[in-house]
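Listed here are the chains, written in short residue letters.
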Amino acid sequence: MLQPELKFRRDKIRSLMVSQGIDAALITCNANLIYTYGCVVSGYLYLPLHSPALLFFKRPNNITGEHSFSIRKPEQIVDLLKEQGLPMPTKLMLEGDELPYTEYCRLASLFPEAEVVNGTPLIRQARSVKTPVEIEMFRRSGIAHRQGIRADSKRISPRYDRYPSFPLK
């Protein structure tokens, strides 16, 4: 994934965070990690309002970079944020509709002074408007699917066809 595209996506979330008075987000669900980081990792993406995003990962442990930190457990995040000189958030966004309750409580307890809010609707809102890169990815995917269906339809005998026929152009 192109880094400018990922930054644009994170900035879309940040602009919605501003409107809600949210200082930071802690993202951990796979779909949202792909959206904001570009791949699935076992870990967390900390998205502060006015600083670069920080990746805290458990696995894979071969990730390198200026804003990437290997951790064994999420409780290490707070100390690493302090080492980076980042202030603790006063209002933190977690994926309340996506996380199991125990994980939500565990992550919320890392920031006892912060008001913790459900950020799932905000992230969904940001993801609902597609960027030109995402639209192009959909277009290419549709072409690949159409080619696959055409290739498979030539191999399948019509008497075994379970689905109504549809024209392929």
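First, a word on what this report is: a plain description of the structure on this page. Bear in mind that the values here come from a model prediction, so they are computed numbers and not experimental data. (Residues numbered from 1 in each chain as written. Predicted model: local features only at pLDDT ≥ 70, side-chain atom pairs only at ≥ 80, totals over all residues. Heavy atoms only, no water.)

**A closer look at the nonpolar core**
Next up, step 1: Ranked by size, the top nonpolar core spans 23 residues in total, and within it Leu26, Tyr46, Phe56, Ile77, Leu81, Leu92 and Phe111 carry the most contacts.
Next up, step 2: Of all elements in the fold, only β1 (24-27), β2 (42-48), β3 (54-59), α3 (76-83), β5 (91-94) and α4 (101-109) reach the threshold of two or more residues within this core.
Next up, step 3: Residue contacts for Leu26: discarding those within four places in its chain leaves Tyr44, Leu45, Tyr46, Ile77, Leu92, Met93, Leu94, Glu95, Leu107 and Phe111.
Next up, step 4: Judged by nonpolar contacts, the second largest core, of 21 residues, contains Met17, Ala25, Leu33 and Ala126. (Core = buried A, V, L, I, M, F, W, Y, C linked by side-chain atoms within 4.5 Å. Buried < 20%, exposed > 50% of the residue type's maximum accessible area, 1.4 Å probe, protein only. Helix = DSSP H or I, 4+ residues; strand = E, 2+ residues; numbered from the N terminus. Contact = heavy atoms within 4.5 Å.)

**Side note on the state of the cysteines**
Next up, step 1: Per the counting criterion, the structure on display carries 0 disulfides.
Next up, step 2: Take Cys39: it sits in no disulfide, and the sulfur closest to it among the cysteines is that of Cys29, at 15 Å. (Disulfide = S-S within 2.5 Å.)

**Here's the deal with the sheet that holds β3**
Next up, step 1: Taken in spatial order, the 6 strands line up as β4-β3-β2-β1-β5-β6 in an open sheet, and their pairing is mixed. A single partner strand is all that each edge strand has here, and the edge strands are β4 (68-70) and β6 (115-118). Between one strand axis and the next, the sheet turns through 20° on average, direction left out of account.
Next up, step 2: Strands in contact with helix α5 (residues 120-128) are β1, β5 and β6; relative to β5, the strand with the most contacts, it is inclined by about 70°. (Pairing = 2+ DSSP bridges. Axes fitted to C-alpha atoms, helices over the stretch in contact; angles between N-to-C directions.)

**Describing the pairing of β5**
Next up, step 1: Judged by which residues are buried, β5 turns out to be covered on both faces: Lys91 and Met93 on one side and Leu92 and Leu94 on the other are all buried.
Next up, step 2: Across 2 bridges, the pairing between β1 and β5 is parallel. The partner of Ala24 across the bridge, within β5, is Leu92.
Next up, step 3: Across 4 bridges, β5 lies against β6 in parallel orientation. Looking at the pairing, Met93 lines up with Val117 of β6.

In short, geometric facts, not functional conclusions.
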